[in-house]
Amino acid sequence: MHRWDFASVLANTDALLVGAIGTLHIFAICLVLGLSLGLVVGLGRYARSRWLYWPATAFVEFFRNTPVLVQILWFYFALPILLPFSVSPLEAASLGISLNSAAFSAEIYRGGIQSIERGQWDGARAIGMNWAQAMRRIILPQALKRMMPALTNRAIEIFKMSTLASAVAYVELLQQGKLIASLNFNPIEAYTAVAVIFFVFLWPLVQFTYVLERRLAGDE
Amino acid sequence: MTILKVSGLAKRFAGQEVLRGIDLDVTKGERIAVLGASGSGKSTLLRCLNFMEMPDAGTVTLDGRTIGRRESELTLVRQRIGMVFQQFNLFPHMTALGNVMEGLRTVRRMPRDQAQARAGKELARVGLADKAANYPAHLSGGQKQRVAIARALAMDPELLLFDEPTSALDPELVGEVLGVIRSLAEEGRTMLLVTHELGFAYHVATRVIFLADGTIHEQGTPDEVLKHPKKERTQSFLARHKEFSL
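Residues numbered from 1 in each chain as written. Chains lettered and ligands numbered in written order. Predicted model: local features only at pLDDT ≥ 70, side-chain atom pairs only at ≥ 80, totals over all residues. Heavy atoms only, no water.

Participant: Would you mind going over the interface of chain A and chain B with me for this structure?
Facilitator: Note: interface size is frequently given as the accessible area lost on complex formation between the parts. With 19 residues of chain A in contact, the opposing surface of chain B contributes 24 residues. Carbon and sulfur atoms supply 55% of the area that chain A and chain B bury against each other, a total of about 1700 Å² over both sides. The interface formed by chain A and chain B holds three salt bridges in total. Between Glu53(B) and Arg118(A) there is a salt bridge; the shortest N-O distance is 3.5 Å. Across the contact surface, chain A and chain B share ten residue pairs in polar contact (both at pLDDT 80 or more). Only α6 (118–126) and α7 (131–161) of chain A provide two or more residues apiece to the side of chain A that touches chain B. Looking at the side of chain A that touches chain B, the element that brings in the most residues is α6(A), giving eight residues. (Contact = heavy atoms within 4.5 Å. Buried area = accessible area lost by both parts, 1.4 Å probe. Salt bridge = Lys/Arg side-chain N within 4 Å of Asp/Glu carboxyl O. Polar contact = N/O pair within 3.5 Å; in protein donor to acceptor, adjacent residues only side chain to side chain. Helix = DSSP H or I, 4+ residues; strand = E, 2+ residues; numbered from the N terminus.)

Participant: Just checking my understanding: could you explain the packing of α6(A) against α7(A) for this structure?
Facilitator: Between two packed helices, both the angle of their axes relative to each other and the distance between the axes serve to describe the pair. Residues and elements named next belong to chain A. Across the interface, α6 lies against α7 with an axial gap of 10 Å and an inter-helix angle of 140°. Classed by the angle they form, the pair α6 and α7 counts as oblique. Between α6 and α7 the crossing geometry is right-handed. Residues Gln120, Trp121 and Ala124 of α6 form the contact with α7, whose participating residues are Trp131, Ala134, Met135, Ile138, Ile139 and Gln142. (Axes fitted to C-alpha atoms, helices over the stretch in contact; angles between N-to-C directions. Parallel < 35°, antiparallel > 145°, perpendicular 65-115°, else oblique. Left-handed = near helix turned anticlockwise from the far one by under 90°.)

Participant: Sorry, what's going on with the layout of surface pockets here?
Facilitator: Unfilled space is identified by rolling a water-sized probe across the atoms. Approximately 680 Å³ is the volume found for the largest pocket. At the level of secondary structure, the elements contributing two or more residues to the lining of the largest pocket comprise α2 (13–46) and α6 of chain A together with α2 (71–80) of chain B. For the lining of the largest pocket, the per-class residue count stands at ten nonpolar, three polar and eight charged. (1 Å grid on protein atoms, 1.4 Å probe; cavity = no way out; pocket = protein on both sides within 12 Å on 5 of 7 lines; lining within 4 Å. Points joined across faces, edges and corners; volume = space filled by probe spheres on them. Nonpolar A, V, L, I, M, F, W, Y, C, P; charged D, E, K, R; others polar.)

Participant: Where do I start with the packing of α2(A) against helix α3 (residues 50–64) of chain A in this structure?
Facilitator: Residues and elements named next belong to chain A. Where α2 contacts α3, the axes come no closer than 7 Å and their chain directions differ by 125°. With respect to each other, α2 and α3 are oriented oblique. The way α2 lies across α3 gives a crossing that is left-handed. For the pair formed by α2 and α3, the contact residues are Leu37, Val41, Gly44 and Arg45 on the first element and Leu52, Tyr53, Ala56, Thr57, Phe59 and Val60 on the second. Classifying every residue of the contact of α2 with α3 gives seven nonpolar, two polar and one charged.

Participant: Looking at this model, I keep getting lost on the pairing of strand β2 (residues 16–27) of chain B. Mind explaining?
Facilitator: Taken residue by residue, a regular strand's side chains alternate between the two faces of the sheet. Residue and element names in this part refer to chain B. Bridge count between strand β1 (residues 2–13) and β2: nine bridges; the pairing is antiparallel. Bridge pairing links Leu9 to Ile22 in β2. Connecting the antiparallel pair β1 and β2 is a turn made up of two residues, with Ala14 showing a positive phi of about 50°. (Pairing = 2+ DSSP bridges.)

Participant: Please clarify how the pattern of salt bridges should be interpreted in this entry.
Facilitator: Two side chains that carry opposite charge are able to pair once their charged atoms sit near each other. Residue and element names in this part refer to chain B. Counting across every chain of the model gives 23 salt bridges over all chains. The residue Arg12 makes a salt bridge to Glu17 at a minimum N-O spacing of 3.9 Å. Residue classification places Arg12 among the partly exposed positions, given a relative accessible area of 42%. Glu17 gets classed as partly exposed once you look at its relative accessible area, which sits at 38%. (Buried < 20%, exposed > 50% of the residue type's maximum accessible area, 1.4 Å probe, protein only.)

Participant: Teacher, can you tell me more about the nonpolar core here?
Facilitator: Among soluble globular proteins, nonpolar side chains are generally buried collectively. Residues and elements named next belong to chain B. Ranked by size, the top nonpolar core spans 59 residues in total, and within it Leu123, Val147, Ile149, Phe162, Ile181 and Leu184 carry the most contacts. For Ile181, the contacting residues outside a window of four places in its chain are Ile149, Phe162, Pro165, Met191, Leu193 and Phe200. By size, the runner-up hydrophobic cluster in this structure holds 31 residues, among which are Leu9, Leu45, Val77 and Met83. (Core = buried A, V, L, I, M, F, W, Y, C linked by side-chain atoms within 4.5 Å.)

Participant: Please explain the sheet that holds β2(B) as it appears in this structure.
Facilitator: What holds strands together in a sheet is hydrogen bonding between their backbones, with the strands either parallel or antiparallel. All names here are of chain B. Taken in spatial order, the four strands of this open sheet run β2-β1-β4-β5, and their pairing is antiparallel. Each edge of the open sheet carries a strand with a single partner, namely β2 and β5 (65–66). Docked against the sheet, helix α1 (residues 42–49) engages β1, β2 and β4 (57–62), running at close to 120° with respect to β1.

Participant: In this structure, what is going on with a nonpolar patch on the surface? I would like to understand it.
Facilitator: A cluster of nonpolar residues, Trp4(A), Phe6(A), Leu10(A) and Ile188(A), forms a patch on the protein surface that exposes about 420 Å² of accessible area. Residue position: Ile188(A) is located in helix α9 (residues 187–219). (Patch = residues over 30% accessible without salt bridge, like charges linked within 9 Å, V, L, I, M, F, W, Y side chains within 5 Å. Areas by Shrake-Rupley, 256 points an atom, 1.4 Å probe, with all protein chains shown as cover.)

This is the structure:
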C-alpha cells in the first residue's frame with residue numbers, strides 16, 4: 001500500500017507556481033489567437049466566394065484531422081529546418097494549439113452565423129446596411145450569444161491542451177510536475193497535484209458554462 | 001412625376017419562373033396595392049424593387065437612374081426605398097428605440113443624440129413613444145410591426161414597400177398597423193403594398209394591380225379592379241375573398 005506523502009510536492013510549490021503562470025500564459029495566447037483566427041476562418045467557411053471558402057475549408061480539414069501533438073512537434077523540430085529562424089517551445093506549442101482551436105472554433109462560428117434566421121439579414125439590408133455592417137451589428141451579436149456555451153467549451157479544451165506544450169519542454173504545470181516527479185521519485189503525488197490544480201482552475205469555468213447554457217435556454 | 005420605373009422584370013427560382021416581364025411605373029404620391037393568389041409573385045416583385053432579390057432580367061430605374069448591381073449602389077438604393085416585412089424582422093438584441101436608430105447610426109453615421117431624437121420622433125409617429133426602451137420580445141405583434149415601420153421611416157425613404165404587413169398578426173392587432181399605414185397614405189407618401197386586406201386596399205390605394213402567373217394580369221383604380229374586374233381570373237380571385245371583405 002502506497003503511503004501518500006505530499007510534503008515533497010508542497011516543498012516545490014514555487015516550481016508549480018511557475019508552471020501555473022506558464023499554463024495561464026500559453027492559455028491566454030491560444031485563447032485569443034485561436035478564437036479570433038477561428039472567427040476569420042469561420043467567416044471564410046460561410047462566404048459564398050470560392051476564393052474564401054476553399055482555403056478556409058482546407059485549413060479546417062487539415063487542422064481538424066491532424067493531432068495537435070504532431071503539429072507542435074512539427075513546428076518545433078521541422079519548421080526551423082525549413083525556415084531560417086528558430087522556434088521557441090512557447091511559439092511552437094502556441095502555434096499548434098491556436099491553429100487547431102481556430103479550426104474547431106471556425107465551425108462553431110459558422111454554425112452560429114448560419115443559425116440566425118434570414119429575416120435578420122433582410123431587416124439589416126433593408127435599411128441600407130452592407131454585408132460587413134449587417135454582420136457586425138446584427139448577425140454576430142446574436143450569433144455570439146448562441147455560441148457562448150460552445151466557445152466556453154473550446155476555452156476549456158484549450159486550457160487542457162496546454163499540457164501538450166510539455167512535449168517541447170515549455171515550462172507549464174505538467175512540465176513542472178514531470179520535473180518534480182523525476183527529482184523526488186514521487187510520480188503519484190506530483191501528477192495527482194497537477195491534476196488537482198487543473199481541476200481547481202477548470203471546475204468553476206465548467207460551472208459557469210452550465211449557468212450560461214441555462215440562461216440562454218431561458219432567453220429563447 | 002415617375003419616381004420608379006420597372007421594365008421587363010423577370011425572376012426565376014430553381015427553374016421556376018416567378019416573374020415574367022413586369023412593367024410598372026410608380027408616380028410620386030401613388031399608393032399601389034398589389035394583389036394576387038399565393039405564389040403569384042407579389043412578394044418577389046416587391047423584393048426585386050429594392051434588390052433584396054436580384055432580378056434575372058429587366059431594369060429598375062429610380063429617379064431616372066437605372067440601378068446597377070454593385071453593393072455600394074444597392075445600399076444607397078435601399079436607404080431610399082424602405083421596406084416593411086410580414087415577419088417584422090426587428091433586431092431582437094436592440095430596444096425599440098435602438099432598432100429605429102440603427103440605420104441612422106450605422107448607415108448614416110449620424111451622431112447619437114441626433115439619431116436618438118429622430119428615432120424618438122418616428123416612434124411617437126407610430127404611437128409607441130412609451131415603448132422606446134422595450135425589447136421586441138416585450139412588444140405585441142402589432143407594436144413590433146409599428147416599430148418596423150418607424151425603422152423604415154427613419155431613413156426618409158422616397159418609396160415604402162409593405163410586404164403583407166398584417167398577415168402575421170392576430171386579427172385584433174391588424175387595425176393598429178393599418179391605421180399607421182393609412183396615416184402615412186394621408187401624408188401623401190408613395191407606397192407599394194402587398195396585402196390580402198381588400199377593404200383596406202380599396203379605401204387607401206390609388207391603383208390596384210392584380211398579379212397572376214408572374215405578370216400583371218389586370219390593373220386600374222380600386223373601383224375598376226375590385227368592384228368591376230374585367231378579367232375572369234381577377235373575378236374568381238375576388239369571389240374567393242369577397243366573403244371576408246369589401
